[in-house]
Amino acid sequence: MLRTHTCGELRKNEIGKKVDLCGWVASRRDHGEIIFMDLRDKYGITQIVFDPDKNKTSHELAHTLRNEYCVRVSGTIAARPEGTVNPKLSTGEIEVYVEAIKVLSESETPPFEIKDTGNLSEDVRLKYRYLDLRRPTMQNKLTIKHKVYKYIYDHLDAEGFISVETPTLTKSTPEGARDYLVPSRLHQGSFYALPQSPQLFKQLLMVAGVDRYFQMARCFRDEDLRADRQPEFTQLDMEMSFIDQEDIFAVCERLFKGLYSEVTGKNIEIPFPRMDHSEAMSLYGSDKPDTRFGLLLSEMTEDVKDSDFKIFKEVISAGGIVVAMSAPGHKDISRKEIDTLTAYASEFGARGLAFFKVEESGLVSPISKFFKPETLETFKRKTGARTGDMIFMVADKKDVARAAMGALRLKIAKDNSLIDQSKDNFLWVVNFPLFKYNEEEKRWDSEHHPFTYFSEEDAKYFETGELGKIRSKSYDMVLNGSEIASGSIRIHRRDIQQKIFDVLGLTKEECQLKFGFLLEAFTYGPPPHGGIAFGIDRIITLFTNDISIREVIPFPKTQKGVCPLTNAPSAVEGTQLRDLGLKITAKPEAKGQNEGAGS
Ligand code: ASP
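All figures in this text were calculated on a predicted structure; none of them were measured in a lab.

1. Some points on the confidence of the model for the protein chain
Any residue range with low pLDDT should be treated as having predicted coordinates unsuitable for detailed reading.
Then, in step 1: With 98% of its residues at a pLDDT of 70 or more, the protein chain has an overall mean of 94.
Then, in step 2: Contacts for the low-pLDDT stretch residues 593–599, under 50 throughout, to residues beyond four places or in other chains number 18 contacts.

Shown next as structure tokens:
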């Protein structure tokens, strides 16, 4: 080893010892004769002292040291003189007097200072990610991530799971996104797909008798990179045989309880509450409800269907609904603020936002006159509004009205600091619909994925054609309004799987081509099974207190899918294309120098 200790290790009880330390020059301060240097490595900072009386050569060399030079220092530990102890540093009671120093490598002036304070542009951070990662906070994030992985491995191992790898060069898995394709050289004109998830392989592992599988799986989805998505990300992927939904919940709850206690020392209560998808949608306007605050939605459709208000009546006769919510203390908000909220609701498709001020005397609104006094009283009662509040309403198609009101609920809570940030509200959302109707393409899609089993009670709706009524055996784990995991009990019978493919409009040939191997495997005694996958990057941000998952991915892409460090994706040599039998017809797109990472 080039070193006897790390830069975060030395304490007072080692005074007088000779040590060798390696690290980077974090700063150099010339105090007349004496030169001080902070030497930094992953573990901390140690103050190094160059005293010409103790070692002249080293002292001379110290003048040439610049920040981020990588050096090896040999010296003796001494107590810091009284008044110079630094309580902020773990090594703050000692310093090392240099006897020899060797520059291991020099450094250019870095594009930013390697320290935790300051507002750095994300573009620059990603371009020089290796320098960004050198900063102590980023080192800490890598360590937290490692600890989470280690805990998961140990915990699941103790619960009888084994980690099994699945291929990266594979065939398309239907998780609802576009595939990344890899052209085959040996089979020109054919492509591998990068896995959107290991879904089909983990099911095959159950057919193989693996019984309890997990994997930290890289997943690849070619989606428009909205907000906080990454083209490649990591899932904790799990699958179990001979279980039901509650068994999976119990395994996951134990895992989370243990993980939280390990990483944060916090105790989280298990079991987590369960909420029906229909309840989540009607009360929270979302399938990932944030239950840390109230502001519940209520439906007024029945109450207003015979009113004189034309807009509501038209929406209802076209099959829409009217959803209301009371915003506490909002009675006197300005017209401008109402316009802002209306514009916000319209981002979610709402065509308008009705509002009623709750006065002592009753509900005041430009549209109050269209409703009977008892109906206005019902608005107040159902929303739980009090004097001083404002009742908002959206009338629209069911999905739009709920989504808009759900979004408004979150905005009002955030804007008015109504969310108790100290809470960790975990819950399971259950009983999702099995299918959702795709209006554009006039066909049914799977709400989760086509391998999801359904509630046997609802099987009759296959016969009646009321496919929207069939509840699936899929579930999401939600924490404080974010979906952190999603899974389902799977279909394990070939005939039933075929029936789902039929509903989805896949021809026999398509089924054979895409999923023939799964259907065939299901002819060899597949066990009942089910599983789940956690978005691990999002989970790590819970422990690092970050908002963006890019903070906890060592080498992330920007929002436009570019890696500013390597400049991938990039053009390839003509010979490579020829080998693959490919010809580019599109013009190469300029990615730009400062391609936006953040914003
Ligand atoms: N493969 C699913 C997904 O990636 C998760 C699962 O059903 O286990 O969302």
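Still more ground to cover, so stick around.
2. A few points about the pattern of salt bridges
Then, in step 1: Within the structure shown, the criterion is met by 46 salt bridges.
Then, in step 2: Put simply, lysine 18 and glutamate 99 hold a salt bridge, and the shortest N to O gap is 3.0 Å. Here the residue lysine 18 occupies a position in strand S1 (residues 18–31), and glutamate 99 occupies one in strand S5 (residues 94–105), the gap between them amounting to 81 residues.
Then, in step 3: Given a relative accessible area of 60%, lysine 18 falls into the exposed group.
Then, in step 4: Among the residues examined, glutamate 99 registers a relative accessible area of 32% and is labelled partly exposed.
Then, in step 5: A salt bridge links glutamate 299 to arginine 402; the shortest N-O distance between them is 3.8 Å. Residue glutamate 299 is located in strand S12 (residues 298–299), and its partner arginine 402 is located in helix H12 (residues 398–415); the two are separated by 103 residues in the primary sequence.

3. Observations concerning the sheet that holds strand S9 (residues 212–220)
Then, in step 1: Taken together, the eight strands give an open sheet; going across it, the order is S6-S9-S10-S22-S21-S20-S17-S11, and neighbouring strands pair in mixed fashion. With one partner strand each, in any of the chains shown, strand S6 (162–163) and strand S11 (274–276) form the two edges of the open sheet.
Then, in step 2: Here strand S21 (residues 482–489) runs beside strand S22 (residues 529–535); their pairing, made up of five bridges, is antiparallel. Opposite alanine 485, over in S22, you have phenylalanine 534 as the bridge partner.
Then, in step 3: Against the sheet, helix H5 (residues 199–207) makes contact with S9, strand S10 (232–241) and S22, and its axis sits at roughly 25 degrees relative to S10, the strand it touches most.

4. Notes on the site of the ligand
Then, in step 1: Taken together, 14 residues lie around the ligand, and Glu175, Gln199, Lys202, His448 and Arg490 are the ones closest in.
Then, in step 2: One of the side-chain N or O atoms of glutamine 199 is found 2.7 Å from a nitrogen atom in the ligand.
Then, in step 3: One of the side-chain nitrogen or oxygen atoms of arginine 221 is found 2.9 Å away from an oxygen atom of the ligand.
Then, in step 4: Going through the elements one at a time, H5, S21 and S22 are the ones with two or more residues in the shell around the ligand.
Then, in step 5: At three residues, S22 tops the list of elements feeding residues into the shell around the ligand.
Then, in step 6: Per-class residue counts for the shell around the ligand are two nonpolar, eight polar and four charged.

5. Description of the pairing of strand S2 (residues 34–41)
The side chains of a regular strand alternate, first on one face of the sheet and then on the other.
Then, in step 1: Counting buried residues in S2 gives seven out of eight residues, a clear majority hidden from the surface.
Then, in step 2: Note that S1 and S2 share seven bridges and pair antiparallel. By the bridge assignment for S2, serine 27 is matched with aspartate 38.
Then, in step 3: Between S1 and S2, which pair antiparallel one after the other, the connecting turn spans two residues, and glycine 32 there sits at a positive phi close to 65 degrees.
Then, in step 4: Alignment of S2 against strand S3 (residues 44–50), held across seven bridges, turns out to be antiparallel. Bridging across to S3, leucine 39 finds its partner in threonine 46.
Then, in step 5: Taken together, S2 and the strand that follows it, S3, pair antiparallel across an intervening segment of two residues.

Rules and cut-offs
- Residues numbered from 1 in each chain as written.
- Predicted model: local features only at pLDDT ≥ 70, side-chain atom pairs only at ≥ 80, totals over all residues.
- Heavy atoms only, no water.
- pLDDT = per-residue confidence, 0-100.
- Contact = heavy atoms within 4.5 Å.
- Salt bridge = Lys/Arg side-chain N within 4 Å of Asp/Glu carboxyl O.
- Helix = DSSP H or I, 4+ residues; strand = E, 2+ residues; numbered from the N terminus.
- Buried < 20%, exposed > 50% of the residue type's maximum accessible area, 1.4 Å probe, protein only.
- Pairing = 2+ DSSP bridges.
- Axes fitted to C-alpha atoms, helices over the stretch in contact; angles between N-to-C directions.
- Near = heavy atom within 4 Å.
- Polar contact = N/O pair within 3.5 Å; in protein donor to acceptor, adjacent residues only side chain to side chain.
- Nonpolar A, V, L, I, M, F, W, Y, C, P; charged D, E, K, R; others polar.

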